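# Results of the structural survey
Letter by letter, the chains look like this.
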Amino acid sequence: MLVFGFASSAANAMAFIAPKHNLPDVVMWMDQHGDVTRIYADGEITATTADELEQFVRANHVESGMVLFNSPGGALMGGVMLGNTIRKLGFDTGIATYARGGMVQSGICASACAYAFAGGRGRYYSGGNTRLGIHQFYSQGHDIGNGTSQEVSGLLVAYLQRMGVDALAFSASASVQPNDILWLSAAEASKLHFSNNGIEPTTAELKQVKGSTYLRVEQKYTSYSARFVFNCAQGGRLLLMGGIVTNPQDAKEKYDWATQSFLTFDEQTIQTKRKGSATDGLTTSDSTIWVTRVLEPAEIRKLLESKTITTWVAADGAVGNTGAADISSVRDKIRNFVSNCGFYPQVGQ
């Protein structure tokens, strides 16, 4: 059998529980993650663990979940299959244990467990008393038939990339001896995209509709997406639509609740408008609430020097709903699009 560090046995095989939590714990959890069921996964991964998770989810009618690991590893392909199942279910992953009615930020996820962890849509890891460990695989039998080590390596690299993890994570694991473990710090896990704490990298794509080209910038979170659409406007200006993408019911509720909307570029507020005014720029479409503004040259310059852009939908005296995107990695694409619109900001302006 192909294993990662620890050979599984029936006595230590991974078990799943979704226990009740005390009220303070529930309040804190709901504030951060919403109505997401916590599934604690404790023990070693076997070839049947993925199927057992699916059975557990069906039996407990779990629609939205986070799998919280405390596992030393187990069967390699079992870990990959478990990760695939978690991604198919659309669940998140983390590392934690359950004790005395609450979630405890402690535990490990090492070896094959790291591959299962990678299956999470949102992958939560902050270090501290939790540890995420990787190392080199080794073979004890024929877990994947007669495949060569090179074929196994290719499979693992492809799996990690499909899950959104940098392939360098496999190179790092291959540099560690089978009997040793490389424990990743929170910063290292984030750099390798092993963890994302519920936030995916920002994307920027050119799109076309009815012969018009626009730029769509999007950053996905576990519970929503922040979407920004850039289009050329007359007179050296730029049309910007900022959207908070959730579901049709939520979008309507946000619209009905709102009394004002605006954008922010870093900390600078851009064009606050009252709902109901002739040009409030606040609309809903399917699952998205949109805030639309036409930017003046000074606002475009501020956009192009900002790290973050945020859509705000707010009510008087209440905290607003926001959709934020880190545009640092796609700012050059935004700048190129703006230049093609005929606006050429001076460097440093």
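Structural data are supplied above this passage.
Rules of the game
- Residues numbered from 1 in each chain as written.
- Predicted model: local features only at pLDDT ≥ 70, side-chain atom pairs only at ≥ 80, totals over all residues.
- Heavy atoms only, no water.
- Pairing = 2+ DSSP bridges.
- Helix = DSSP H or I, 4+ residues; strand = E, 2+ residues; numbered from the N terminus.
- Axes fitted to C-alpha atoms, helices over the stretch in contact; angles between N-to-C directions.
- Buried < 20%, exposed > 50% of the residue type's maximum accessible area, 1.4 Å probe, protein only.
- Contact = heavy atoms within 4.5 Å.
- Disulfide = S-S within 2.5 Å.

Moving on, we get to the sheet that holds strand 22 (residues 321–326). The antiparallel open sheet is built from four strands, whose spatial order is 18-17-21-22. The open sheet is flanked by strand 18 (268–274) and strand 22, the only strands paired with a single partner. For this sheet the average axis-to-axis angle between neighbouring strands, irrespective of direction, equals 10°. In the sheet, strand 17 (residues 260–265) pairs with strand 21 (residues 308–314) via six bridges, with the strands oriented antiparallel. Its bridge partner lying in strand 21, Phe265 is registered against Ile309.

One can expect most non-glycine residues to show negative phi and most peptide bonds to be in trans. Its identity is not glycine, yet Asn197 carries a phi of approximately 50°, on the positive side. Looking at the element boundaries, Asn197 is found in the loop between helix 7 (186–191) and strand 13 (203–209). Although it is not a glycine, Gln271 adopts a positive phi angle of roughly 55°. By the element assignment, Gln271 lies in strand 18.

Among the secondary structure elements, Thr288 is positioned in strand 20 (residues 288–295). The buried category is assigned to Thr288, whose relative accessible area is 5%. Excluding anything up to four places from it in sequence, Thr288 contacts Gly243, Ile244, Val245, Ala251 and Thr283.

Turning our eyes to something else, we now look at the state of the cysteines. Summed over the entire model, instances satisfying the criterion amount to two disulfides. Disulfide pairing is shown between Cys232 and Cys341; the S-S distance is 1.9 Å. One quick way to see it: the torsion about the S-S bond of Cys232 and Cys341 is about -75°, and its sign makes the bridge left-handed. With Cys232 in strand 15 (residues 225–233) and Cys341 in the segment after helix 10 (331–340), this pair connects stretches of sequence that are 109 residues apart. Taking the relative accessible area as the measure of exposure, Cys341 reaches 18% and is therefore buried. Taking only the cysteines that form disulfides and numbering them from first to last, the protein chain has the pattern 1-2, 3-4.

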